[in-house]
Amino acid sequence: MSDKFDVIVIGAGPAGYVAAIRAAQLGLKTACVDAFVGKDGKQALGGTCLNVGCIPSKALLDSSKQFYGLSHNLPAHGISVKDAKVDMAAFIGRKDKIVKQFTGGIAQLFKANKVTPFFGKGKLLKGNQVEITGNDGARQTISATNVILASGSVPIELPFAKFDGKHIVDNAGALDFTEVPKRLGVIGAGVIGLELGSVWNRLGAEVTVIEALPDFLGAADADIAKIALKEFTKQGLAIKLGAKLAKAEAKKNEVHLTYEDKDGAHDLVVDKLLVAVGRRAYTDGLLAEDTGVKLDERGRIVVDEHNHTGVDGVWAIGDAVRGPMLAHKGSEEGVAVAEWIAGKAGHVDFDTIPWVIYTEPEIAWAGKTEKQLKEEGVPYKVGTFPFAAIGRAVAMNEAVGQVKMLAHAETDRILGVHMVGPCVSELIAECVVAMEFKGSSEDLARIVHAHPTLSEAVHEAALSVDKRAIHKGN
Ligand code: FAD
Ligand code: NAD
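- You'll find the protein entered in an unreviewed UniProt entry as Dihydrolipoyl dehydrogenase, with Fulvimonas soli given as the organism.
- Annotation of the protein in UniProt includes, under Subcellular location (unreviewed entry), the sentence "Cytoplasm".
- UniProt, in its Sequence similarities (unreviewed entry) section for the protein, records the words "Belongs to the class-I pyridine nucleotide-disulfide oxidoreductase family."

## Overview of the site of ligand 1
Logical step 1: The local shell around ligand 1 holds 38 residues, among which D34, T48, K58, G122 and D319 are the closest.
Logical step 2: The backbone of P14 places a nitrogen or oxygen atom 3.3 Å from an oxygen atom of ligand 1.
Logical step 3: In this structure, an oxygen atom belonging to ligand 1 sits 2.7 Å away from a side-chain N or O atom of K58.
Logical step 4: Computed on the free molecule, ligand 1 has an accessible area of 980 Å², of which 93% lies beneath the protein chains in the complex.

## A short note on the site of ligand 2
Logical step 1: Neighbouring ligand 2 are 20 residues, the closest being I192, E211, G278, M325 and V356.
Logical step 2: Between a nitrogen atom of ligand 2 and a main-chain N or O atom of V356, the distance comes to 2.7 Å.
Logical step 3: In the complex, 78% of the free accessible area of ligand 2, which totals 840 Å², lies under the protein chains.
Logical step 4: Ranked by residues supplied to the shell around ligand 2, first place goes to helix α6 (residues 191-202) with three residues.
Logical step 5: Looking at the shell around ligand 2 residue by residue, the classes come out as 14 nonpolar, three polar and three charged.

## A few points about the UniProt feature "binding site: NAD(+)" (unreviewed entry) in the protein
Logical step 1: Per the UniProt record, "binding site: NAD(+)" (unreviewed entry) is annotated on G188, A189, G190, V191, I192, G193, L194, E195, E211 and G278. A compact arrangement is adopted by the annotated residues: their sequence extent is 91 residues, whereas the largest C-alpha distance between any two is 14.3 Å.
Logical step 2: Note that G188 resides in the loop between β9 (183-187) and α6.
Logical step 3: When you line up the elements, V191 lands in helix α6.
Logical step 4: What V191 contacts, discounting residues up to four positions off in sequence, is W355 and I357.

## A look at the side chain of N171
Logical step 1: In this fold, N171 is placed in helix α5 (residues 171-174).
Logical step 2: Not counting residues up to four positions away in its chain, the partners in contact with N171 are V52, P155, I192, L196, L274 and R279.

## Brief notes about the UniProt feature "domain: FAD/NAD(P)-binding" (unreviewed entry) in the protein
Logical step 1: In the UniProt entry, the feature "domain: FAD/NAD(P)-binding" (unreviewed entry) is given for residues 5-334.
Logical step 2: Secondary structure content for residues 5-334 is 30% helix and 26% strand, and the end C-alpha separation is 17 Å.

## Quick notes on the packing of helix α1 (residues 16-25) against helix α8 (residues 327-341)
Logical step 1: Taken N-terminus to C-terminus, the directions of α1 and α8 make an angle of 30°; their axes are 8 Å apart at the nearest point. One element, α1, and the other, α8, form an angle in the roughly parallel class. The hand of the α1/α8 crossing is right-handed. Judged by residue contacts, V18, A19, R22 and A23 of α1 engage S331, G334, V335, A338 and E339 from α8.
Logical step 2: Classifying every residue of the contact of α1 with α8 gives five nonpolar, two polar and two charged.

## As for the nonpolar core
Across soluble globular proteins, nonpolar side chains have a tendency to be buried as a group.
Logical step 1: If you look at the biggest cluster of nonpolar residues, it comprises 36 residues, and the most contacted ones within it are W200, F216 and I363.
Logical step 2: Put simply, the parts of the chain that give this core at least two residues each are α3 (54-72), α4 (88-113), β9, α6, β10 (206-210), α7 (222-235) and β19 (362-367).
Logical step 3: Beyond its immediate chain neighbours, meaning those up to four positions away, F216 contacts A189, L194, A225, A228, L229, F232, I239 and L241.

## Considerations on the pattern of salt bridges
Logical step 1: Taken as a whole and assessed by the stated rule, the structure comprises 26 salt bridges.
Logical step 2: As a salt-bridge pair, R280 and D284 come within 3.6 Å of each other at their nearest N and O atoms.
Logical step 3: Between K329 and E333 there is a salt bridge whose closest N-O contact spans 3.0 Å. Within this pair, K329 and its partner E333 are both found in helix α8, separated by four residues, close to a single helical turn. No difference in accessibility class separates K329 from E333, as the two residues are buried.
Logical step 4: One network of salt bridges, in which partners are shared, links K39, K95, D96 and D176.

How each quantity is defined
- Here the residue numbers are simple positions, counted from 1 along each chain's written sequence.
- Numbering of ligands from 1 and lettering of chains from A proceed in the order in which they are written.
- Where local features are concerned, this predicted model is filtered to residues with pLDDT of at least 70; where side-chain atom pairs are given and counted, the filter is 80 or more; whole-chain, interface and lining totals use all residues.
- Processing note: side-chain calculations cover all non-hydrogen atoms of the structure and skip hydrogens and water entirely.
- UniProt positions are given in the numbering used here, feature names are shortened, and annotations may be inferred rather than shown by experiment.
- Any residue with a heavy atom lying within 4 Å of a molecule or strand is counted as near it.
- Any pair of nitrogen or oxygen atoms within 3.5 Å is treated as a polar contact; in protein, a donor-acceptor pairing is required on top of that, and neighbouring residues in sequence qualify only through side-chain atoms on both sides.
- The accessible surface values rely on the Shrake-Rupley method and a 1.4 Å probe; as for residues, cover is taken only from the protein chains in view.
- Only runs of H or I of at least four residues qualify as helices and only runs of E of at least two qualify as strands under DSSP, and these elements are numbered from the N terminus.
- Each residue gets one of three labels, nonpolar for Ala, Val, Leu, Ile, Met, Phe, Trp, Tyr, Cys and Pro, charged for Asp, Glu, Lys and Arg, and polar for the others, Gly among them.
- Residue contacts follow a heavy-atom distance rule, with two residues in contact if any of their heavy atoms lie within 4.5 Å.
- In this description, a line fitted to the C-alpha atoms serves as the axis of each element, helices being fitted only across the stretch in contact, and the angle between N-to-C directions of two axes falls anywhere from 0 to 180 degrees.
- Any angle between 65 and 115 degrees counts as roughly perpendicular, while under 35 counts as roughly parallel, over 145 as roughly antiparallel, and the rest as oblique.
- Left-handed describes a crossing whose near helix is turned anticlockwise from the far helix through less than a right angle; right-handed describes the clockwise counterpart.
- In plain words, nonpolar cores are sets of buried Ala, Val, Leu, Ile, Met, Phe, Trp, Tyr and Cys residues tied together by side-chain atoms within 4.5 Å.
- Categorising residues by exposure relies on relative accessible area from a 1.4 Å probe, with only protein chains included: less than 20% of the type maximum marks a residue as buried, more than 50% marks it as exposed, and the intermediate range marks it as partly exposed.
- The working definition used for a salt bridge is a side-chain nitrogen of Lys or Arg within 4 Å of a carboxyl oxygen of Asp or Glu.

In C-alpha cells:
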C-alpha cells in the first residue's frame, strides 16, 4: 500500500475519528494515527471521551444513580430494599466493558469505512508529512495532501497538588477507585468535579468540593446554578466557594490539604483528592519546529473560522483549538473539515452548541444566559416553568428544577434556554432545533407536546414567555 494519503488525522478522539470516517465516506484515502493505550495495553481508539471521559463517567453516573435511588427514590414509591451493597469490581468492570465495546466499535467503523489506523505518536513535519513513533520506538513516515490535528486535551496539573495516580488523581484515577473513598476531596466545582463528585457521594463518600470562584457554575444561567447548588448541597456535597487550594500532600494513605477562603486558612484530610481544575490543549511532541503551525497564549492550535491553521493543507479541531471542550463540538468540526477538504459546504453553529452536566438533577443549556443578554444590552422576555407542576416528573418522584426560556423582547426569537431537572439532557435537543431554525417562543408554544411528558415543561416555559402558561400563575 502507498503511504501517501489524501487525509491523515492525528488523534482518534471524537473530533479525529469522526473527521476520519467522514473523510473516508467522501472518497478520500484516509489514515488516523493515535497513541492512546487502553487498560489492556493495546491501542484504544476514541480518545479521552471514550476511554476516560464522557462514556465511562456516564456509566458510573448511571450505576451510582441506581444505587442512590434505592434509598432516596424507591421509598417514595412504596418500595424498600434492605442491605443493598455495591460490588466494586462489578461496578468498575461494567464501565470497563462499555468502554471496550465502544473503543472496539471505532476500530470496526474504521475497517468498514476503509480508514487505515496507525498506532503511535504522530508528529507533523514540514510538507504535510507525519512521523509516527510506535510504542517500541520504531519510526515510519507517511504523508498526505491534508493533515487534521485532533490531539485533544489533558488535565491541568497544579504544581502544589501533583497527580500521583494513587491519592491525588485526575479524571482517569477517579473513574477507577477500587473502593469507595470514605472522604473525597475535589478541587474545582466544574463539570468533572460535579459529575465525578456525585458518583462517589452517591456511593457513600463524604465529598468536599473546593472551588476558587465565588459564584457556583459561572457559565450557567444564575437561576439554574442556584437551584443546582441547593440540590447538590441537599445530597451531601459540601461545596466551598471562593476557596483556593494552597497545598496538598499525600501522607501514608491520606491527603492533607490546606485551602484558603475569606475566613482564612482551613485544613482538611481526605482519603483521595480529585483535581479537576480544567483541561489544557495537548500538543506535546505534535509539531516539528518548522511546520509554521502557531499556538495561542493558552497553548491551543490557532485556527480560523474554518479550522484552518494557515499552513497549506493543515487543519485542527476539537479540544486542541478554541471553543468549548465538548465531544460534540469536536465531532461537528471534524465533519465540517472533512467536507471543506472535499470541496463541500461544511458548517458548525457555535451559537447553538448544547451544554449538559449529567448530575441529578441534570443541567442543560444552549444559547445566551440572562446575564449575557443584560451585558450585551439585548431586550429580552423570560418564561419559566417548574418541574413540580409537571405530572410526569411528579410521577417519577423527580419533580425538581425548572425550564427557563429567554426570547427577544421584540422579535420573540429564542436566545437561550436553560434547564435543571430530570432528563434535561434530552429536553435541550428540542430547543437546539428551534434555535437552529431561528424559531420563536411562539413556535414552541404552538407545537403539540405529548401528555404526560417532561417535554411539557419546555412547552409551558415557551407559553410563559408571553405570560400564558396554563399550569402555573403568570
Ligand atoms: P481527545 O478525546 O482528547 O482525543 C485526542 C486523542 O489524540 C487521544 O486519543 C490522544 O491519545 C491522541 N493524541 C494526542 N496527541 C497525539 C499524537 N501526537 N499522536 C497520536 N495520538 C495523539 N464532553 C462532552 O461533550 N460530554 C460529556 O459528557 C463529557 N464528559 C467528560 C467527562 C470527563 C471525565 C472528561 C475528562 C471529559 C469529558 N468531556 C465530555 C469532554 C470530552 O471528552 C472532550 O471534549 C473530547 O474528548 C475532545 O475530543 P478530541 O477528539 O478533541 O480529543
Ligand atoms: P471546568 O473548567 O469545568 O471546571 C474547573 C473548575 O475549577 C472551575 O470552576 C474553576 O474555577 C476551578 N478552579 C480552577 N483552579 C482552581 C484552584 N486552584 N482551586 C479551586 N478551584 C479551581 O473544568 P473540568 O471540570 O476540569 O472539566 C474540563 C472540561 O471537560 C470542561 O470544561 C468541559 O469542557 C469538559 N467536560 C464536559 C463534560 C460534559 O459535557 N458533561 C463533563 C466533563 C468534562
